[in-house]
Every structure is written in structure tokens, then in C-alpha cells.
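Notes for the structure review
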Amino acid sequence: MGNAPLRQEEIGGTCGQIFVSSPRSWAVPTPAPTEVARFRNMRAELGQGPYAVHVTYLVNLAASSLEVRKRSLSALQAEMDAAAAYGAEYVVLHPGAATGAASREVGMQAIVSGIDALSIPRDTMLLLETMSGKGTTIGTTAEELGALIDAAAAAPGTLGVCLDTCHAYCAGYPLHTADGLSEMLDSFEDAVGLEAVRLVHCNDSKHPFLSGRDEHAHIGWGHIGADAFRRIVNEPRLRRRPFVLETPVEDGYGHAEDISFVRSLYDD
Ligand SMILES: [Zn+2]
């Protein structure tokens with residue numbers, strides 16, 4: 001983990017996202033002080049922008065099982081503490097899915113109780129990620145994310161939103177058109193305030209608009225397309241936000257190639 005800033009530098013990145021545990025494991029190891037020091041020193045030396053810690057995919061604050069909710073909460077707290085140790089500004093959470101017989105409303109209440117039970121470290125913000133709309137997944141609209149943030153007791157400025165372009169598109173925001181992008185940003189402005197949209201997961205989509213699917217494609221290779229990403233990266237309302245790629249890494253085309261393509265889309 002300590003080498004993450006160096007790896008970013010190698011691929012042309014200037015901010016980043018890390019996992020502090022295996023994405024599909026409950027165990028969240030306490031970061032070793034040597035790793036933390038290496039990370040902080042290297043990042044400072046390279047002058048890199050914000051970092052986010054992405055929470056393990058197993059965490060589900062809306063699970064109907066009390067056991068799963070408890071494990072989720074302690075894993076999430078450990079990830080927040082690890083993020084604070086590394087000096088990462090953001091922790092990105094998939095809000096949850098109302099599993100079992102639980103209704104969406106019950107699931108949303110469970111997420112809010114979970115967030116309220118957390119101790120969010122100073123200088124670290126918890127970002128709820130926009131989801132693609134699979135099944136009982138919560139957080140597929142700006143309004144739903146806004147309702148969660150409004151209902152939580154957390155102090156202003158401790159909760160925000162991570163906008164994933166692939167998820168939002170597959171959930172039904174037509175951000176592949178100029179009007180659709182503008183309307184989506186209006187929705188987020190109304191529901192959470194654009195100040196709360198702190199991070200963009202910049203991903204093209206292997207599946208079409210409104211598909212409810214979640215499979216990321218290289219920028220310009222998917223259904224959202226290069227023209228849309230040219231508008232997205234130049235959109236004044238998204239300016240100065242860190243953009244993080246979660247695109248595939250394949251032989252001969254990985255993050256370095258996606259980053260240089262995205263950079264080529266900027267007007268200035
Ligand atoms: Zn995610």
C-alpha cells in the first residue's frame with residue numbers, strides 16, 4: 001500500500017484510490033506504521049491530490065442479518081481508521097442492498113443507523129457511491145443518496161457522494177448526451193448540493209443505458225463514449241474534482257492508457 005503513490009506516478013496519475021483490505025474479505029488489517037510513513041512521504045514528495053479508500057465489497061449496512069450488519073460496521077470503522085492513518089481524504093462506500101425480505105425503507109433506515117454508529121475521523125469524509133440499480137441496491141438516484149445524508153446525524157461536511165459515471169448511466173441518468181449530463185447535475189445539485197459530490201469514478205460502460213448493469217469499460221470504448229467523456233471532463237460543475245478510473249487492466253491497455261486518453265479530452 002505504501003507504494004501506491006509511486007505506482008500512480010508511473011501510470012501518469014495525480015490522485016488515487018486504494019483498498020486497505022482485500023476487496024472480498026472481512027479482515028481489515030491495521031496499517032503498518034512503515035507503510036503509512038512510506039505512503040505519506042511519497043505522496044507529499046510527488047505532490048499528489050486526494051486519495052480515497054474503497055470499502056470492501058462485503059460491507060452491507062442494509063443487510064437483513066444483524067450479524068452481517070455488525071461485521072459490516074466494524075469493517076467499515078476499521079477502513080475509516082485506516083484511511084485516516086494514511087491521510088486519505090475520502091472513504092467510498094456502496095450504501096447497501098436490502099437483502100432478504102427487508103423493504104427498501106427498512107434498508108435505508110439500517111444504513112442511516114449504521115452511519116450514525118460510526119465514528120468518522122476528522123479530515124476524512126465518508127462518500128456514498130451512486131449505484132447502478134441492480135436488484136435491491138440502494139443509492140441509485142441522487143434523491144435516495146440525499147435522503148440518506150439528510151437522515152444521518154453526521155455533522156455537515158462529513159458525508160458526501162462519489163459519482164460513478166458507469167453506474168449513473170446504467171441506473172438511468174442519460175449522461176451520454178449534453179442535456180442528460182446537465183440534467184443529472186441539476187438533480188445532484190438539488191438533492192445533495194454539488195459541494196457534496198467530491199469524487200468521480202470515471203468509467204465507461206460495457207452495457208447500455210438503463211441496463212442496471214455494472215461492468216466498466218475503457219474510456220471511449222463503451223456505451224457512454226468519448227464524446228460524452230469530453231463533455232464530462234470539461235464540465236465546469238465537475239471541475240477540480242478528483243477523477244479516479246476503475247477501468248479494466250488488460251494486456252497492452254491499462255490505466256496508463258486510459259489516463260492519457262482522458263487527458264487528451266481536456267480543452268485546455
Ligand atoms: Zn464502488
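Keep in mind it's a predicted model, so treat the numbers as computed, not measured.

Structural notes on the packing of aromatic side chains
Tallied over the entire structure, the rule returns 6 aromatic pairs. Residues phenylalanine 39 and tyrosine 51 carry aromatic rings whose centres are separated by 5.0 Å and whose planes lie at 75° to one another, so their mutual orientation is edge-to-face. Of this pair, phenylalanine 39 sits in helix H2 (residues 33–46) while tyrosine 51 sits in strand E2 (residues 51–54); the two residues are 12 residues apart in sequence, bridging distant segments of the chain. Each member of the pair, phenylalanine 39 as well as tyrosine 51, is classed as buried. An angle of 50° between the planes, with centres 5.7 Å apart, marks the rings of tyrosine 173 and phenylalanine 188 as tilted. Taken together, the positions of tyrosine 173 in the loop between helix H6 (165–171) and helix H7 (178–191) and phenylalanine 188 in helix H7 put the pair 15 residues apart, joining distant regions of the chain. A relative accessible area of 1% places phenylalanine 188 in the buried class. Aromatic ring contacts, followed pair by pair, group Phe39, Tyr51 and Tyr86 into a single cluster.

Focus: the nonpolar core
One finds Leu76, Leu126, Met184 and Phe188 to be the most contacted residues of the largest nonpolar core, which totals 66 residues. Top element by residues in this core is helix H3 (residues 66–86). It accounts for 6 residues. Those residues in contact with methionine 184 that sit more than four places away from it in its chain are Leu163, Ala168, Tyr173 and Leu175. With 9 residues, the next largest nonpolar core counts Tyr90, Val92, Leu199 and Val244 among its residues.

What to know about the sheet that holds strand E5 (residues 125–129)
Spatially, 7 strands are ordered E1-E2-E3-E5-E7-E8-E11 in an open sheet, and the strand pairing comes out parallel. The sheet terminates laterally at strand E1 (16–18) and strand E11 (243–245), the two strands that pair on one side only. Recorded for the sheet is a direction-independent mean angle of 30° between the axes of neighbouring strands.

Examining the coordination of the zinc ion
Only His54 (NE2), His94 (NE2) and Glu129 (OE) from the protein reach the zinc ion as donors, at distances of 2.1 to 2.2 Å. One chain supplies every donor for the zinc ion, spaced along it as H-x39-H-x34-E. In this pair, histidine 54 is assigned in strand E2 and histidine 94 in the loop between strand E3 (90–93) and strand E4 (96–97), connecting sequence segments 40 residues apart. Summarising the burial analysis for this pair, histidine 54 and histidine 94 share the class buried.

Considering the environment of isoleucine 219
In this fold, isoleucine 219 is placed in the loop between strand E10 (216–217) and helix H8 (226–234). Judged by relative accessible area, isoleucine 219 falls into the buried class, the value being 0%. Taking the C-alpha atoms as reference points, isoleucine 219 and glycine 252, 33 residues apart in sequence, are found 15 Å from one another. Residues within four places of isoleucine 219 in sequence aside, it is in contact with Cys202, Asn203, Asp204, Phe229, Leu245, Thr247, Asp258, Phe261 and Val262.

What about the pairing of E5?
Most of E5 is tucked away: 5 of the 5 residues are buried. Neither face of E5 is exposed, since Met125, Leu127 and Glu129 on one face and Leu126 and Leu128 on the opposite face are all buried. In the sheet, E3 pairs with E5 via 4 bridges, with the strands oriented parallel. Pairing of valine 91 across the sheet is with leucine 126, part of E5. Relative to strand E7 (residues 159–164), E5 runs parallel, the two sharing 4 bridges.

Notes on the pattern of salt bridges
This structure, assessed with the given rule, holds 8 salt bridges. Residue arginine 38 is joined to glutamate 35 by a salt bridge in which the shortest nitrogen-to-oxygen separation is 3.0 Å. With arginine 38 and glutamate 35 both in helix H2 and 3 residues apart, the pair spans about one turn of that helix. One salt bridge in this structure joins arginine 237 and aspartate 186, with 2.9 Å as the shortest N-O distance. On the criterion of sequence distance, the pair formed by arginine 237 in the loop between H8 and E11 and aspartate 186 in helix H7 is long-range, its members being 51 residues apart.

Structural notes on the state of the cysteines
Under the definition given, this model contains 0 disulfides. Between cysteine 162, a cysteine without a disulfide, and cysteine 202, which holds the nearest cysteine sulfur, the sulfur-to-sulfur distance is 11 Å. The class for cysteine 162 is buried, based on a relative accessible area of 0%. Just so you know, cysteine 166 is unpaired, no disulfide at all, and the nearest cysteine sulfur is the one on cysteine 170, 4.4 Å from it. Residue classification places cysteine 166 among the buried positions, given a relative accessible area of 0%.

Rules and cut-offs
- Residues numbered from 1 in each chain as written.
- Predicted model: local features only at pLDDT ≥ 70, side-chain atom pairs only at ≥ 80, totals over all residues.
- Heavy atoms only, no water.
- Phe/Tyr/Trp six-rings, centres within 6.5 Å; stacked < 30°, edge-to-face > 60°.
- Helix = DSSP H or I, 4+ residues; strand = E, 2+ residues; numbered from the N terminus.
- Buried < 20%, exposed > 50% of the residue type's maximum accessible area, 1.4 Å probe, protein only.
- Core = buried A, V, L, I, M, F, W, Y, C linked by side-chain atoms within 4.5 Å.
- Contact = heavy atoms within 4.5 Å.
- Pairing = 2+ DSSP bridges.
- Axes fitted to C-alpha atoms, helices over the stretch in contact; angles between N-to-C directions.
- Donors = N, O, S within 2.8 Å, 3.2 Å for Na, K, Ca; no water.
- Salt bridge = Lys/Arg side-chain N within 4 Å of Asp/Glu carboxyl O.
- Disulfide = S-S within 2.5 Å.

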